[in-house]
Amino acid sequence: MRRLRALRGLFACGGCWSRPPVREDGGRAAESVPAAVPTFAGRVASLSNRLQEEEGDRAEVYRELERVLQGDDGRVQSAVLARVIAAASRDMRAAQGVTEQVRTAASDVLVALARCHFDSVMCELQCRLRALGEISEDLVFVTLGKLASSYALRCVPFVGMTLFALRTMLSQVGSSRTLRAVCSVLEQWSKAVNSYLGAWEQCSFPRVGQAQLCSSVSPLFGHAVGSWLGCEEEEAKQAVLGAMAAMMGLLVREEEHRERVWEQLPWLLGQYQQVQDSFRVTKALSYFLAVLGEVQVPIPQDEVEAIGTAVHRQLSDGSKQHSGEHRSELSSCVLLLARVCPEDTVAFLRSQLGSRSEAARVVSLDLLGALVRPTAERGQSLPLLVQAVRCALGDPSRKVARAALRFTKELLGCSVQSCSAWDLVAHVFATFSQASGRLAQGKLSEAEAQEAADLQALCLDILRSLDVSVRGMTKLLWPRLLQYVVPAQYTGTLVPLCRCLRELAESRGRAGGEDGEEEPNVAASRQRAKLPRPQALLARLLVSRGPGESASGPGGGGRGRGRAASQAGAGSPRGGSGVRERVGASPAPRDPAAARGRSRRRRGEAPGWVVAAAPHTGGGCGVAALRLLRALSAEIHGALGMVWAVKIPFLLQCLEGQSESCLDSAEWEQLLLKFLRTSLETIESQAWTVGLSVELSQQTGSYPRPSREQAFLYKAVGVSLAACRHVPYVRREMKKYLLRMNYLEVSEREAMISVVAGSAESHFHLALEVLQEFGASMEERPVSGAFKRLKEYHQGKRAGRHAALVLAYGRIALRAPPEQLLARVESDVVGRILRHYRASCQVLGFSFSTKDVQLKLALIRSVTEVSRAVRVAGGSRGVELCRKRELLDTLLGFVQGEPRDRLASPVRREAFVAVGHLSKLKPSLSREENRDLLDQCVQSVMPLPALEPAEEEGATAADAGHVQGLHARTMGALGELLTALLEEDLSSDWLAEMLHVLEYWLTSAKEWERERALQACAQLLGAFEERFELTGETSFGPFGSMVGLLAPFTCDSLATSCQRAGACLGHLLRIQGRTLETGAEEDEVQPLCQRLSAPDAEALRQASSRLRKIVCKHIPPAQATDFLSAALDGMLSAQSACAQAAGEWLLTFLETCGGQLFTEVPEILSIIYVRMPTMQQDTLRHFLLEAVSLLALYHPGAVIDSLLQKQLPMDSDTEELWRVLGGKFFVDHFLRVLMEKLKNSGSDQPRTSSAKPEAEEEEAALEPLKMTRAISVVVSALQSPEAVLRLLPELLPVLLKQISATVGKEMPSSALITRGKLFLKGHASDDNPCRLSLETLEAVLRTCLDGKWLRLLRQQGAWAALEDPRAHHDGVCLLTGVLLRAGTVSLPLVLVLTRWLDAPSANLRVTAAAFCAELMKEPALQEWRCLQPIARALLEKLRDSSSTVRQMAARGLGNLVSGAPEKLRKHKGAVLEALRRGLEDAAAAEVVAESLLALAKVVTELKGKAVGSAFRDIARATKGFFDAEQASLRSAAFTLYGVLAASATSRWRSFFTAELGSTWATLVLHLRDPDPGASMACQGALRLCAPFLGLRRVRQGLAVTTRLSAAELLGDVCSQLAQESPEHQEMLYVAARRRFLGSCGELQAAALDVAGVLVEHAGLEWLTREEAMPLSATLRVLRSDGDPRVQQAAARLLRDTGLEQPPRRR
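Here the structure is a predicted model, which means the values were calculated and not measured.

Draft legend 1. Representation of the overall build of the chain in the model. Check the secondary structure of the chain and you find 85 helices and two strands. In the chain, buried positions account for 55% of the 1706 residues. Roughly 72300 Å² of accessible area belongs to the chain as shown, and the carbon and sulfur atoms make up 50% of that amount.

Right under this line is the structure:
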């Protein structure tokens, strides 16, 4: 601590101890932590505690502490500060137990802590530095170096003691590590001192003298020179190098130390050979030179040369691969050297230009270029640099040439005053010309082509950066630059050249032509310049080529080179640093576009383009040339100033306002030609015009053949001839071009045509005359030339001349004045065209069908041009072309003659265009003729094979691109033809017919044919959309059908087809939108169609759905059937995706617009029904069924009505439609509608005579049957029974009513002859209406009942009974019983059916009565409170006119016993009375029988006592039916009689015994009743009556023989009677005898059998003679009875009695 205090006192005395900052309240910040930064102090304290407690990773704690200290300017409490410094110092110096990471981190914390506590940290380091006078730890030195680097100025007060401490330790430096640490301190502290000496004014402490500081360093420098320069370790060398350079930079400031510094400079330069990292040497040298430049210390000349040599060698040595940063630093060394010794530096570099090393010369030039701008900025003279470079301009090395150009660019970019250096501009043009020449020659390697292109780009960059606004530049450059405009070798420089010349001309104009005194070299330049003629300037600027564009048009390699050039020019700033970066730099990456351009040059293609044809390519050459023309208007001709002041801005506006993609080249070319024509008309000088014509002709040879430039020049020649009024000259020129051209070359033919056609604009008749003379000269050859003509034919010369003349006539027609053309078009134009065409197809008088494509194209194009010209000339009045039909046939012949397996030529395309123009001329074709014409053209294109990648040998991508382009242009021409034909009859009907022509190809199985057809459709619809307003139509009728036709193709397998279909829909929507005044959604169609190609299935589904909804909303209901018909036809497409899409469109339309289609439902269903037989695939049929379901959802009634129009028996398609409706969620509503219709279809009134025709009556009768059948089908398709269960109370009455109405009826005859009968064999129900209804009822019950109930109904024969008119009521009872047991009978059903009891229809009353009769068994009737009303109704129905109703009423009353016995007892009197009256119903045996059975039930329930007095009446009435003819009556009577016997109480016992005395014989007789039921009933009754018989043995026998059959019982009774009571035997015989001659054969036979039994058991003793004779006679008679049974019984009795022979008299 004493030592620390002593150091503080020392620093305080020196004035360098900084006081801690004081707060505003007077307290010291170090004593307390400000309240504003508790977080900072707290974090530091916490980290300090962690260091004290040695928690966690100490290196990480130090790093965290460093981040905290660097992020905040707050001060740390003194206690915390002391702990942190102590801990960091201890860890930094620790020799063991501490990792290198911790030591380094502790050092960094001290540096960070010095930011706010510099004195404390420095005090700690100084203490450690001087501790015990021994060598300190390495990191102490490292930390001191970091402090000097970070806080240079704050370290200056400590320089003395620090360097003194170091000096005392130098002898102890032993290890390389320590040496590096000490050198680091020396380097950083020396640099800190240098920084202080340059900015001492910024320091708050007193100034320390320069000499004092240098004296502190000098001993250390001496020790380093003496001891350290010879170290061998690489890192030590670099450390010593850095320390030496820093100390040399400090010591050189003082005169007394400079000599020592110069002595060590060779050592410093020699380190390039000693130190491996030469960049460290360069940075050390750069630092030293920067200090020299700062203090302006003169450098000895030898040292300048040494420095320059060392640096230059590093830059030019190719074996050294320096980085870009290193090269830049080396260049900087030269610049720094030139700041101190400019002349010596330039002299050294000039001397290096004579070196044999190419790299040395290049580096020297680049370094000279780097010196240009600093020299100019310092106001020093540049001629010295220029003189140095001039000697290198003739260097053959291209690299040197590039370097000289870079120097020129830097020189010309300095904006200095005019001097002789501007002569270097000529070198730029010369270099560009040489490079262009080498490229034009071709046969260059890739590297050579790249090198030449780079030279061109650099020259252009220099010209672009040329500043002509410098004083005196106008005088110097004006003559020099003008001479470079016209020569072709300078074509590529036109853009910057035009800009410079324009600025020069404008500058001269502003100066008024007075530029003051000229310099001598400027005057000499003007005298040497060869100024071009005005006509040459005009021709050159109208037709000029820019840098690097091929003559074949834009898009070649030149554009890539242009980009490379612009990048090379703009890639670096104009300052010296940018140039330094390029010194010796490696070449930039090659541009692929430039590579393509080089390959084009190697093939010998000439660079360039035509301003007229490609105004946007080449970096704006068109704009530059036009602006220069405007500026040179006075030099070209004095009369052009005002005209060009108006015309050229308009042309510039056309160029600047449009891009290359939207400015049509042909239109721009016409604008330029019109500009030229206007200019010549303004000049009005024949000599000037002739001169321009000559100049234009001469310049055609300056361009490659063929080229755009040359083609445009020929057109310009035509314009100049048209402007010339010297007719002989014009005639001579036209003939010259006609005679000198090689007609085998297409370009030369076009040249002749351009000249002649252009001349015809003012010399039409002359042009025709010259052409006719030339044509006649071709035909007037002598016979001796026949073989020559044949040879020319085979060589194509003759055809070429004729083709050229054919084209010329067409082109002349386009240029001719309208009035003159119309007067001569038929004979002198069209006639000549056809004449030359036919002549070209003849050889030696023989005609051949030409296969010359060029000849065909010539005729087609000529016809096109003539048609256009005639149409324009005729205007609105229209001109009739008499040979129109002939021309059309010729063109169509060309089209038909083209091969169908390939598209080999543009004949089709050109023919389509010609036909389109020709069709607009009169006489107009009929619609049918236009349709045939369109069909022929379409058939020639659509079947062409698909475009395939070129696979043939030698085929290239360019060939494939050509074929694709030909296809595209052909389809475009077809679209134009469609448009032209559409305009002939602009109406939606004609549009629909044209689309019908294309429809065949839309349904093709070949995707490319569909795609072409869709493209044609899109073109046609687009044309119609543009012209829709002209139609005058207020609605677009075919919209629906066209959408149905085209929409499915949005899902075509070909992506382009999807896009084209989307375009079609967009056109249709916009057309429809104009009629419906809707909007906004049409523009959504195209983006949605583009999304149809998305790979994401969900995105695809959403896009398709959205598209369908948008389009379908625009389909009017009136067009729904058209749309659906087209969509359904589309489902038959061969392409499955389109078929599926058609179905989806169909469903979407019905979902969207189904609610508006009520009136269209029948027709829609008819359309669907008709197509069902042709769509058997499940995937397609599903859409039909869903469509019907959607219609049923919106309009169930209408759908039902329509489906019910189908005849019975129902065919499979109709059944399927009904069935699918049964599977939908709306089936409840659907069934309810069907029920309501079925309920209202018939009438409860019996049918009466009607005036309706029989057919209508039959149709009316079939309606309910159709509905019934429909219900059956719908119900059978249900997925669950809920719907039927909900509707069952309503559905059952409806079906029962239908069953009741059809029972016993026959199917109307009209239903038996329908086509459906052929397909429904085995459906017997279709011939029986009642069975059909029963099947429906069975289907309903099958849906909602358990299977056991259906089996029970089948077992009971309920269905057969319901169908049988005679047993219908029994069937109803059986059905009702099962329904009751199944629990499906509800109160609503009961209420509905009970109302039928009063229905006018007897069948309905029977059904209701049978239902109620069975219902009386149901106890629930009392709960429903229906028992009494039904019972009263049944009582009333006992008087109904229908016997069956009365029968069912009686049955119902009898069933009260089961359902409500207590009610029966309560109302027994009324019931018994009603039933007793029923016994009196003689007209209806079934009523009597039912009454007897009901009485049996009632009496059984009431017992005899409760029956009362009615017992007697019932018993007496019952025995009257024992011998009834009806078996049912006999059976019922016997049943009731047995019940009466069982119920006879004591009150009625005597009565019944008496009654039985007269009836027992009858009962015995009926044991042999022919009816088994009656026999059994009789047997039961006889047993029940046994107790009342007086015959004991018979009574006992009946009691014990319970298992005997009726016949056995009869025998037993007869046997007992014979033994016990002959009297009763006699009574039985008498009873039987009385029945022998009855009316009922069955009973007669039974009586005869009983008599036989009596004879068998009793013998014949009782048969007297008196009785035998009548008996024999009776039996003989009966043996001849008509009833076989009677005959047989009589014969048996005769045989048994032996009465076959007459009996003997006793």
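Draft legend 2. Seen up close, the side chain of Q1447. Mapped onto the secondary structure, Q1447 falls in helix α71 (residues 1443-1454). Among the polar contacts listed, one links the side chain of Q1447 to the side chain of E1490, at a separation of 3.2 Å.

Draft legend 3. Seen up close, the confidence of the model for the chain. Mean pLDDT over the chain works out to 76, with 76% of the residues at or above the 70 mark. The low-confidence segment residues 545-610 (pLDDT under 50) makes 151 contacts with residues lying over four places distant or belonging to another chain. Counted against residues more than four places away or in other chains, residues 1243-1251, with its pLDDT under 50, gives eight contacts.

Draft legend 4. Region of the structure containing unusual backbone geometry. Of note, the bond from K922 into P923 is cis; its omega dihedral lies within 30 degrees of zero at 0 degrees. By the secondary structure assignment, P923 is in the loop between α44 (907-919) and α45 (927-941).

Draft legend 5. Representation of the packing of helix α33 (residues 665-683) against helix α34 (residues 686-699) in the model. Their axes nearest at 8 Å, the elements α33 and α34 cross at an angle of 145 degrees. As α33 runs across α34, the sense of the crossing is right-handed. Between α33 and α34, the residues in contact are L676, L680 and I683 and W688, T689 and L692, respectively. Classifying every residue of the contact of α33 with α34 by side-chain character gives five nonpolar, one polar and no charged.

Draft legend 6. Structural detail: the packing of aromatic side chains. Under the criterion given, the structure shown has 14 aromatic pairs. Seen in terms of ring centroids, F1036 and F1039 are 6.4 Å apart; in terms of plane orientation they differ by 55 degrees. Their pairing is tilted. Comparing F1036 with F1039 shows no difference in burial state: the two are buried. A cation over an aromatic ring shows up here: K283 above the ring of F279, its NZ or CZ 4.9 Å from the ring centre.

Draft legend 7. A look at the packing of helix α21 (residues 424-441) against helix α22 (residues 446-464). It is at 9 Å that the axes of α21 and α22 come closest, and there the two elements cross at 150 degrees. By the angle class used here, α21 and α22 are roughly antiparallel. Every pair of crossing elements has a handedness; the one defined by α21 and α22 is left-handed. Seen from α21, the contacting residues are V428, F429, T431, F432, A435, S436, R438 and L439; seen from α22, they are E448, A449, A452, A453, L455, Q456, C459, L460, I462 and L463. Each residue belonging to the contact of α21 with α22 can be placed in one class, and the counts come to 13 nonpolar, three polar and two charged.

Draft legend 8. Here's a closer look at the pattern of salt bridges. For the structure on display, the rule yields 57 salt bridges. Salt-bridge contacts for E750 lead to R811; the nearest nitrogen and oxygen are separated by 3.4 Å. Here R811 lies in helix α40 (residues 797-815) and E750 lies in helix α37 (residues 746-759), a separation of 61 residues in the sequence. Judged by its relative accessible area of 28%, E750 is partly exposed. A salt bridge links R1070 to E1025; its shortest N-O distance comes to 2.8 Å.

Draft legend 9. Spotlight on helix α58 (residues 1196-1203). The buried count for α58 comes to six of eight residues, which makes it a mostly enclosed element. Residues of α58 that are buried: P1196, A1198, V1199, I1200, S1202 and L1203. Among the structural elements, α56 (1161-1171), α57 (1178-1194), α59 (1212-1222) and α60 (1227-1241) are those in contact with the buried residues of α58.

Draft legend 10. Up close: the environment of V1488. Within the fold, V1488 resides in helix α75 (residues 1485-1507). Taking the C-alpha atoms as reference points, V1488 and R1477, separated by 11 residues in sequence, lie 9.0 Å from one another. Non-local contacts of V1488, meaning those with residues more than four positions away in its chain, are made with G1478, L1479, D1481, F1521 and L1529.

Draft legend 11. The arrangement of the state of the cysteines in detail. Taken as a whole and judged by the stated rule, the model has zero disulfides. The thiol of C183 is unpaired, and the distance to the nearest cysteine sulfur, on C231, comes to 7.5 Å. By relative accessible area, C183 is classed as buried at 0%. The cysteine C1058 is free of any disulfide, with C1051 supplying the nearest cysteine sulfur at 6.4 Å. When its relative accessible area of 5% is taken as the criterion, C1058 is described as buried.

Draft legend 12. Main features of the environment of H763. Assignment of secondary structure puts H763 in the loop between α37 and α38 (764-779). With sequence-adjacent residues up to four places away left out, H763 is seen in contact with L721, A722, C724 and V730.

Draft legend 13. Representation of helix α62 (residues 1282-1302). Given a rise of 1.5 Å per residue, 21 residues ought to cover 30 Å, and the 28 Å separating the end C-alpha atoms of α62 matches this to within 8%. The sharpest bend along α62 comes to roughly 70 degrees, located at L1288, with the proline P1289 sitting one to four residues further on. Judged by how many residues are buried, α62 sits mostly within the fold: 15 of 21 residues are covered. Within two residues after α62, G1304 carries a phi angle of roughly 80 degrees, on the positive side.

Criteria and thresholds
- Residues numbered from 1 in each chain as written.
- Predicted model: local features only at pLDDT ≥ 70, side-chain atom pairs only at ≥ 80, totals over all residues.
- Heavy atoms only, no water.
- Helix = DSSP H or I, 4+ residues; strand = E, 2+ residues; numbered from the N terminus.
- Buried < 20%, exposed > 50% of the residue type's maximum accessible area, 1.4 Å probe, protein only.
- Areas by Shrake-Rupley, 256 points an atom, 1.4 Å probe, with all protein chains shown as cover.
- Polar contact = N/O pair within 3.5 Å; in protein donor to acceptor, adjacent residues only side chain to side chain.
- pLDDT = per-residue confidence, 0-100.
- Contact = heavy atoms within 4.5 Å.
- Axes fitted to C-alpha atoms, helices over the stretch in contact; angles between N-to-C directions.
- Left-handed = near helix turned anticlockwise from the far one by under 90°.
- Nonpolar A, V, L, I, M, F, W, Y, C, P; charged D, E, K, R; others polar.
- Phe/Tyr/Trp six-rings, centres within 6.5 Å; stacked < 30°, edge-to-face > 60°.
- Lys NZ or Arg CZ within 6 Å of the ring centre and 35° of its normal.
- Parallel < 35°, antiparallel > 145°, perpendicular 65-115°, else oblique.
- Salt bridge = Lys/Arg side-chain N within 4 Å of Asp/Glu carboxyl O.
- Disulfide = S-S within 2.5 Å.
- Expected span 1.5 Å × (residues − 1).
- Bend = angle between axes of the 7 residues up to and from the residue.

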